[in-house]
Amino acid sequence: MIQVARKGAVASVSLALCLAAAACSSSSSSSSSPGSSASATSSSSSSAGTVPSISVGQFDRTLSAMAALKPLASQGKGNVAVILPDTVTSARYTQFDAPYLTQALGLAGLSSSQISVQNAQVSLAQTAITKGASVLIMDPLDSGVGAQIESLAKSHGVAVIDYDRLTLGGSRSYYVSFNNVVVGQTIGTGFVSCASAWHVAKPNVLVMKGDPTDNNATLFAQGYLGVLNPHFSDKSYILVGTPAGTWTPTVAVTEFQQQFTAHKNINSVVTPNDDNAAAIIHYLQTLHIKANTFPTTGQDATTVGLQNILSGYQCGTVYKPIYLEAEGAVALAMYVRAGKTPPASLVTGTTNDSKTSTPVPSVLLTPKWVTTSSMASTVVADQFVKVAQLCVGSFAAACKTAGISL
């Protein structure tokens with residue numbers, strides 16, 4: 001909700017950075033962009049010069065694949081503006097997204113004067129357009145704000161790429177994010193493995209969700225219910241309940257307490273992000289529930305979530321390497337800016353805008369499930385988490401056992 005589920009899905013916000021606008025999501029076959037003045041015509045070569053090809057499989061934390069896009073820089077015109085939310089509910093935007101996006105755009109051949117950073121507000125989008133933006137990469141405060149910005153951009157012939165979160169009812173050309181159904185499936189399979197490893201003979205499962213107004217939360221739930229429903233059907237698991245859903249931890253723990261009071265047989269819970277899980281875990285600890293006995297899940301690879309994994313109170317967390325998302329957005333922006341159609345090796349699927357029933361061509365990335373055994377090789381190796389903050393106090397011994405050292 002990588003809270004990064006905006007956590008996992010990241011929650012809606014107020015303050016932010018800007019560099020271009022792109023979003024995210026789920027599903028199947030790839031297709032080309034809908035028309036726009038910045039949209040494209042060719043993906044091979046043209047009189048304007050060679051058109052490079054790139055695939056999502058080339059992306060890594062070095063961002064080196066971006067250099068292959070330099071021929072597109074001279075073929076395009078205008079600036080790329082990134083509009084991101086929120087330094088309040090999630091620090092990821094200042095710590096990771098903005099730096100990665102800035103670096104990737106530079107490596108792709110744009111100068112600093114061709115890149116802008118703004119707050120996520122309609123007026124600042126207008127300013128970016130006035131100053132010559134031909135492409136916006138945008139993760140808005142919410143779909144209402146996003147739709148306003150996309151309408152404004154469309155009226156000025158500016159292409160929009162939704163970043164991390166799809167603007168429902170919007171008019172973007174492309175969307176880039178982690179495949180949110182796969183995020184949910186990863187949570188589901190992680191839960192199944194954990195319930196077995198922790199010897200929960202008959203899981204009586206409370207299935208929780210994110211905010212029902214968040215399209216990402218809907219896709220996450222689709223994914224993990226797809227994994228769990230066969231277990232409910234064959235009675236190997238018992239579905240105890242499915243509360244309404246929220247991204248607010250205090251509300252999540254209240255939902256859990258109400259269910260746990262009414263159904264004492266609950267012995268496991270599917271939680272859609274680390275923050276909600278942390279509130280529930282703290283409550284379970286006040287009841288003296290022992291480690292490695294009551295499976296919970298998470299998303300976003302937060303420090304607290306990782307510590308709960310190390311201490312045996314959380315099965316694992318979904319990690320979504322932000323550099324992959326940044327590279328996907330920048331690659332799209334470079335093709336669109338140059339008036340070229342991105343290759344199918346980049347645009348790997350489509351995502352449905354449920355408000356307009358419109359398929360949106362999408363770059364869909366694959367998340368990672370992080371447990372104690374994989375923590376060192378994923379979030380620690382990527383410097384997504386600071387070891388000095390992770391391995392403090394009582395967690396130092398667990399870090400050492402997991403092969404994590406200062």
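Heads up: the structure comes first, above all this text.
Computed from a prediction, not measured in an experiment: that's the story for all the values here.

The rules behind the values
- Residues numbered from 1 in each chain as written.
- Predicted model: local features only at pLDDT ≥ 70, side-chain atom pairs only at ≥ 80, totals over all residues.
- Heavy atoms only, no water.
- Helix = DSSP H or I, 4+ residues; strand = E, 2+ residues; numbered from the N terminus.
- Polar contact = N/O pair within 3.5 Å; in protein donor to acceptor, adjacent residues only side chain to side chain.
- 1 Å grid on protein atoms, 1.4 Å probe; cavity = no way out; pocket = protein on both sides within 12 Å on 5 of 7 lines; lining within 4 Å.
- Points joined across faces, edges and corners; volume = space filled by probe spheres on them.
- Expected span 1.5 Å × (residues − 1).
- Buried < 20%, exposed > 50% of the residue type's maximum accessible area, 1.4 Å probe, protein only.
- Contact = heavy atoms within 4.5 Å.
- Phe/Tyr/Trp six-rings, centres within 6.5 Å; stacked < 30°, edge-to-face > 60°.
- Axes fitted to C-alpha atoms, helices over the stretch in contact; angles between N-to-C directions.
- Parallel < 35°, antiparallel > 145°, perpendicular 65-115°, else oblique.
- Left-handed = near helix turned anticlockwise from the far one by under 90°.

A. Structural view of the side chain of Asn-179. Note that Asn-179 resides in the loop between strand S7 (174–178) and helix H5 (180–197). One polar contact links the side chain of Asn-179 to the main-chain amide nitrogen of Val-181, over a distance of 3.2 Å.

B. Looking closely at unusual backbone geometry. A positive phi angle, close to 110°, is found at Asp-300, a residue other than glycine. Topologically, Asp-300 is positioned in the loop between helix H8 (274–286) and helix H9 (303–310). A positive phi angle, close to 55°, is found at Ser-357, a residue other than glycine. Topologically, Ser-357 is positioned in the loop between strand S12 (349–353) and strand S13 (358–365).

C. Just empty space enclosed by the protein, in detail. In this model, the largest cavity occupies a volume close to 40 Å³. Forming the walls of the largest cavity are Phe-96, Tyr-100, Tyr-319, Pro-321, Ile-322, Tyr-323, Asp-382 and Phe-384. Secondary structure elements with two or more residues in the lining of the largest cavity: helix H2 (92–107) and helix H10 (322–337).

D. Layout of H5. With 18 residues, H5 extends 26 Å from end C-alpha to end C-alpha; this agrees with the ideal 26 Å at 1.5 Å per step. Restricting attention to buried positions, one finds in H5 the residues Asn-180, Val-181, Val-183, Gly-184, Thr-186, Ile-187, Gly-188, Gly-190, Phe-191, Cys-194 and Ala-195. Contact partners of the buried residues in H5: S7, strand S8 (204–207), helix H6 (215–233), strand S10 (268–270), strand S11 (317–319) and strand S14 (368–370). Capping the start of H5 is the job of one residue whose side-chain oxygen sits 3.2 Å from the backbone nitrogen of Val-181: Asn-179. Positive phi appears at His-199, one or two residues downstream of H5, with a value of about 60°.

E. Here's a closer look at the packing of aromatic side chains. By the definition in use, this model includes 11 aromatic pairs. For the ring pair Tyr-100 and Tyr-323, a centre distance of 5.9 Å and an interplane angle of 80° mean the geometry is edge-to-face. Placement of Tyr-100 in helix H2 and of Tyr-323 in helix H10 is noted, with a sequence separation of 223 residues between them. Judged on exposure class, the residue Tyr-100 and its partner Tyr-323 are both buried. Measuring from centroid to centroid gives 6.0 Å for Phe-191 and Tyr-237, while their planes differ by 80°, and the two rings are edge-to-face. In this pair, Phe-191 is assigned in helix H5 and Tyr-237 in the loop between H6 and strand S9 (238–241), connecting sequence segments 46 residues apart. Exposure remark for Phe-191: the relative accessible area of 0% places this residue in the buried category. Looking at Tyr-237, the relative accessible area reads 7%, which means it is buried.

F. Layout of the environment of Leu-219. For Leu-219, the position within the fold is in helix H6. On a C-alpha basis, the gap between Leu-219 and Asn-179 in space is 8.8 Å, while along the polypeptide they are 40 residues apart.

G. Molecular detail of the packing of helix H3 (residues 122–130) against helix H4 (residues 143–155). Contact pair H3 / H4: the axes reach a minimum separation of 10 Å and the direction vectors enclose 25°. Viewed along their axes, H3 and H4 adopt a mutual orientation that is roughly parallel. For the crossing formed where H3 meets H4, the hand is right-handed. Of the residues in H4, those touching H3 at Val-122, Ala-125, Gln-126 and Ile-129 are Val-145, Gln-148, Ile-149, Leu-152 and Ala-153.

H. Up close: the packing of H5 against H6. Packing of H5 against H6 brings their axes to within 7 Å, and their N-to-C directions diverge by 40°. Our classification of the angle between H5 and H6 gives oblique. In this structure, H5 meets H6 at a crossing whose hand is right-handed. Touching Asn-180, Val-181, Val-183, Gly-184, Gln-185, Ile-187, Gly-188, Thr-189, Phe-191 and Val-192 of H5 are Asn-216, Leu-219, Phe-220, Gln-222, Gly-223, Tyr-224, Val-227, Leu-228 and His-231, all from H6.

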